[in-house]
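Working through the structure, step by step
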Amino acid sequence: MSESVLRLENITMQFGGVVAINDLTMHIDQGEIVALIGPNGAGKTTAFNCVTGVYEPTNGAVYFHDKLIAAGHPQGKMKRMYAGTNADKFVGMKVSLTPDRITHMGIARTFQNIRLFKSQTAFENVLIATHLRRTSNIFTAAFHLNYKEEKRNRDRAMELLGIVGLADVAEEKATSLPYGMQRRLEIARALATQPTLLLLDEPAAGMNPQETIDLGLFIQRIKEKFGLTVFVIEHHMDLVMGISDRIYVVEFGKLIAEGTPHEIQNNQAVIDAYLGGNDE
Amino acid sequence: MRKMSKLRLGVCLTVVALLYFGAWYAEKSMGANLGQAGFMLVGAYVYAVFTIPLKKHAAVYQYYNGGIIQFELPLIVALLLAGIVAALLAALIGLPVLRLKSDYLAIATLGFAEIIRAVVQWDSLGPITNGSNLLKTYPTFNNTKIFGTTVLFPFIVSGVCIALILLIINSTYGRAFKAIRDDEVAAEAMGVNLFHHKELSFVISCFFAGIGGALLAMFQGTVQANSFKSAMTYDVLLMVVIGGMGSVSGSVIASFLYIACSEWWLRFLDNPLTIGSFNVPLLRSGFRMVVFSAVIMVVVLFFRRGIMGDKELWNIGMRRQKAGRRARK
């Protein structure tokens, strides 16, 4: 395998009898912006949750920089109920890291429905995300012996707020900010964990066309600035086609196409999936 | 003289109440903990058992041949030990309990508090805990002098505790605790290890609960496991709700008001009162609690976010200024 940042191998995620993702294989290379698109309920967010450790895949393996971060195979009751393919391929492999471990390794994410820390200011929201790279323990932190690190973190949080253009509202309550700003704040918070791979779950949801264009430029800007690799789920085709290097399309949990924006636009299967073309 | 003792009563109760709130505050991140009374009991017993003067052992442990602990510790060491033992116990109990969430967590902690109470009263532990009998004659507020006065000691101890709590709250760990309270999923996605941090805040809160229990023992002069019922935990929760969830100064003010109302200002309602030849109706033993309940209901109805909301006393002026500045813009 080449130098993939993230590699999903035959991921199947099954909730009881419902197969949310079926045999999804994909890879994301260093410095790419890769989009995952598909109709509602196709399993896009589930794929994210498998990568970030929220779910443990029923079958399949996820590698991050060629290191196994999640793997599973059908066990117990699932053996009988399993409806996916490759049931025997991953026997004996079982890795499930908690989301905080995975974030620690360098994968940061945002959420489809914004999940900011409600009672806290924009600044504190970003500052909390610097907690995981701490070198202090509870005693040195309580007695402020880590003041150098603390200062560094505060400066960094402020700098990140500046980069996403929220420095003016740093002391405002996070939930009192306009929607678009909350989205950017979530990205700033994700960046504060010092990731190498950024997962964006519908970052443009609820944005108007102008805001969407700005967001596209913004994503490209932070990608260059922080040397990131970006994996994005999105419904706004303008945004997806504008910024993506490659696109994966899923429908009913199955991968139906992959390729450059140009290829995807002309792919009959994708057009059918989005417009329901088969019947006519 | 009588008035003086009432004042002292108020002062001491306030101080004990301060400790209650501290115990509660750190644990906010892990959700409802109804086991507070159990850990206060542990603190109270540890303090009492290790500070009873050797000479008095025979009298206190009269049913257990003078007990098996044949030494006594200095007051401050015993006080610290009270917190540490409660914290260690919390660490153990936290391992299974903190895997639960919300209501289930509350019920489990409540259960453990009851278990602790039962175990302490167990006859086989009598040589240490004196079974279900009283522990007494250990140093109390009334005979603990600093700079020649007995008033200072409770204030100093609770002041130190509150300072520690504030330091922890304002550290990076305090922020992580708050983040977990706000949104567990997001906190975990931002790299906060949920179990580790919940365990930590549970241990910290129980450390202060232990010290609070020891101070309560010092205030009461005697300790008996039977008095550490879950009603004590509800008192703490009530104070916190009245004070405002998330406000240190609010909790302090509320705990003072709560204790002062229930034990001091409303006391007169319990005594029959005759003005001239007119016998004021309703005033009899127990009426105090009726009025007190009404007061609490009024507070809960009209100050739904507590007296202070999530503001601090020293922030009120500041927030207004900022709001004013925004308005001017």
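Rules and cut-offs
- Counting starts from 1 at the beginning of each chain's written sequence and moves along it residue by residue.
- Each chain gets a letter, beginning with A, and each ligand a number, beginning with 1, in the order they are written.
- Local features in this predicted model are restricted to residues whose pLDDT is 70 or higher, and side-chain atom pairs enter the listing and the counts only when it is 80 or higher, whereas totals over whole chains, interfaces and linings include all residues.
- Working from all heavy atoms in the structure, the side-chain values ignore hydrogens and water.
- Strands are runs of DSSP state E lasting at least 2 residues, helices are runs of H or I lasting at least 4, and numbering of each runs from the N terminus.
- For each residue, the accessible area found with a 1.4 Å probe, counting protein chains only, is set against the maximum for its type, and the residue is called buried under 20%, exposed over 50%, and partly exposed in between.
- Contact criterion: two residues are considered in contact whenever any of their non-hydrogen atoms come within 4.5 Å of each other.
- Per-residue and other accessible areas were derived by the Shrake-Rupley procedure at a 1.4 Å probe size, with only the shown protein chains allowed to occlude residues.
- Note on pairing: two strands pair once DSSP finds at least 2 bridges between them.
- Axes here refer to lines fitted to C-alpha atoms; in helices the fit is confined to the stretch in contact. Angles between the N-to-C directions go from 0 to 180 degrees.
- Buried area: the accessible area, evaluated with a 1.4 Å probe, that two parts lose upon being put together, summed over both parts.
- What makes a salt bridge here is a side-chain nitrogen of Lys or Arg within 4 Å of a carboxyl oxygen of Asp or Glu, nothing more.
- Residues forming no salt bridge and having over 30% relative accessible area are the ones grouped into patches, like charges within 9 Å of each other and nonpolar side chains (Val, Leu, Ile, Met, Phe, Trp, Tyr) within 5 Å.
- Take the buried Ala, Val, Leu, Ile, Met, Phe, Trp, Tyr and Cys residues and link them wherever side-chain atoms come within 4.5 Å; each set so joined is a nonpolar core.
- pLDDT is a per-residue confidence score from the predictor, ranging from 0 to 100.
- In this count, Lys and Arg are taken as positive residues and Asp and Glu as negative ones, while His and the chain termini are left out.
- N or O atoms closer than or at 3.5 Å make up a polar contact, with two conditions inside protein: a donor-capable atom paired with an acceptor-capable one, and, for residues adjacent in sequence, both atoms drawn from side chains.

Moving on, we come to the overall build of chain A. Along its length, chain A carries 11 helices and 11 strands. Counting only residues that meet the buried cut, chain A has 54% of its 280 residues in that class. Taking contacts inside chain A between residues at least 6 apart in sequence as the whole, the part at least 24 apart equals 70%. By element, 53% of the accessible surface of chain A is carried by carbon and sulfur atoms, the whole surface being about 12,300 Å².

To continue, consider the sheet that holds strand β5 (residues 67-72) of chain A. Residue and element names in this part refer to chain A. Reading across the sheet, the five strands line up as β2-β1-β4-β5-β6 and stay open at both edges, with antiparallel pairing between neighbours. The open sheet has two edge strands, β2 (18-29) and β6 (95-96), and neither has a second partner. Sheet strands touched by helix α1 (residues 44-51): β1 (4-15), β2, β4 (59-64) and β5. Its angle to β1, the strand with the most contacts, is close to 115°.

A few words now on the interface of chain B and chain A. The partner chain A presents 34 residues to the 30 residues of chain B that form the contact. With both chains or domains summed, chain B and chain A bury close to 2,700 Å², and 59% of this area falls on carbon and sulfur atoms. In terms of surface lost to chain A, no three residues of chain B exceed Tyr173, Arg175 and Met190 of chain B, which account for 27% of the buried area on that side. At the surface where chain B touches chain A, the tally comes to two salt bridges.

With that settled, the discussion passes to the sheet that holds strand β8 (residues 197-201) of chain A. Each strand in a sheet pairs with another by means of backbone hydrogen bonds, the pair being arranged parallel or else antiparallel. All names here are of chain A. Pairing in this open sheet of six strands is mixed, and the strands run β7-β8-β9-β3-β10-β11 from one edge to the other. With partners counted over all chains shown, the strands left at the sheet margins are β7 (107-109) and β11 (254-259), one partner each. Strand-to-strand twist in this sheet, taken as the mean axis angle between neighbours without regard to direction, amounts to 20°. Note that strand β3 (residues 33-37) and strand β10 (residues 246-251) share four bridges and pair parallel. Looking at the pairing, Val34 lines up with Arg246 of β10. Along the sheet face, helix α8 (residues 209-226) touches β3, β8 and β9 (229-233) and points at about 140° away from the line of β3.

Another point: a nonpolar patch on the surface. Together, Ile76, Leu80, Ile84 and Leu88 of chain B line one region of the surface with nonpolar side chains, adding up to about 380 Å² of accessible area. Turning to its location among the elements, Leu88 of chain B is positioned in helix α4 (residues 75-97).

Once that is clear, we can look at the nonpolar core. Core analysis: the biggest nonpolar cluster contains 62 residues, and Phe39, Tyr45, Tyr47, Leu135, Phe153, Val223 and Phe228 of chain B have the highest contact counts within it. Looking at this core, the elements that each hand over two or more residues are α5 (138-142) of chain A together with α2 (36-51), α4, α5 (102-120), α7 (152-169), α8 (172-182) and α10 (194-220) of chain B. Other than its neighbours up to four places away in sequence, Tyr45 of chain B contacts Val120, Thr129, Gly131, Asn133, Leu135, Val223, Gln224 and Ala225 of chain B. One finds Ile37, Leu161, Leu177 and Leu215 of chain A within the second-largest nonpolar core, a separate group that totals 57 residues.

Once that is clear, we can look at the confidence of the model for chain B. Residues of chain B with pLDDT of at least 70 account for 81%, and the chain-wide mean is 77. Mean pLDDT values for the elements of chain B range from 50 in helix α14 (residues 316-328) of chain B up to 92 in α4 of chain B.

What follows deals with the pattern of salt bridges. All names here are of chain A. The tally for this structure, following the rule as stated, stands at 15 salt bridges over all chains. The salt bridge partner of Arg7 is Glu9, with a shortest N-O separation of 2.7 Å. Judged by its relative accessible area of 17%, Glu9 falls in the buried class. Within the structure, one salt-bridge network assembled from shared partners comprises Arg7, Glu9 and Asp66.

Next up on the list: the pairing of β4 of chain A. Residues and elements named next belong to chain A. With six of its six residues buried, β4 lies for the most part within the structure. Note that β1 and β4 share five bridges and pair antiparallel. Within the sheet, the bridge partner assigned to Thr12 lies in β4 and is Asn59. With five bridges joining them, β4 and β5 adopt antiparallel strand pairing. Bridge assignment links Ala61 to a residue of β5, and that residue is Ala71. Two successive antiparallel strands, β4 and β5, enclose a turn made up of two residues, where His65 displays a positive phi of approximately 50°.

This part covers the environment of Val280 of chain B. Along the chain, Val280 of chain B falls in the loop between β4 (278-279) and α13 (287-302). For Val280 of chain B, a relative accessible area of 22% gives the class partly exposed.

The subject of this paragraph is the pairing of β5 of chain A. Sheet topology note: the β5 of chain A/β6 of chain A ladder contains two bridges and is antiparallel. Bridging from a neighbouring strand, Ala70 of chain A pairs with Ser96 of chain A of β6 of chain A.

Relative to the elements of secondary structure, Asp100 of chain A occurs in helix α3 (residues 99-105). In this structure, Asp100 of chain A is buried with no salt-bridge partner, the nearest side chain bearing the opposite charge being Arg101 of chain A at 6.0 Å. For Asp100 of chain A, the side chain forms a polar contact with the side chain of Asn193 of chain B, separated by 3.4 Å. Beyond its immediate chain neighbours, meaning those up to four positions away, Asp100 of chain A contacts Glu188, Gly191, Val192 and Asn193 of chain B.

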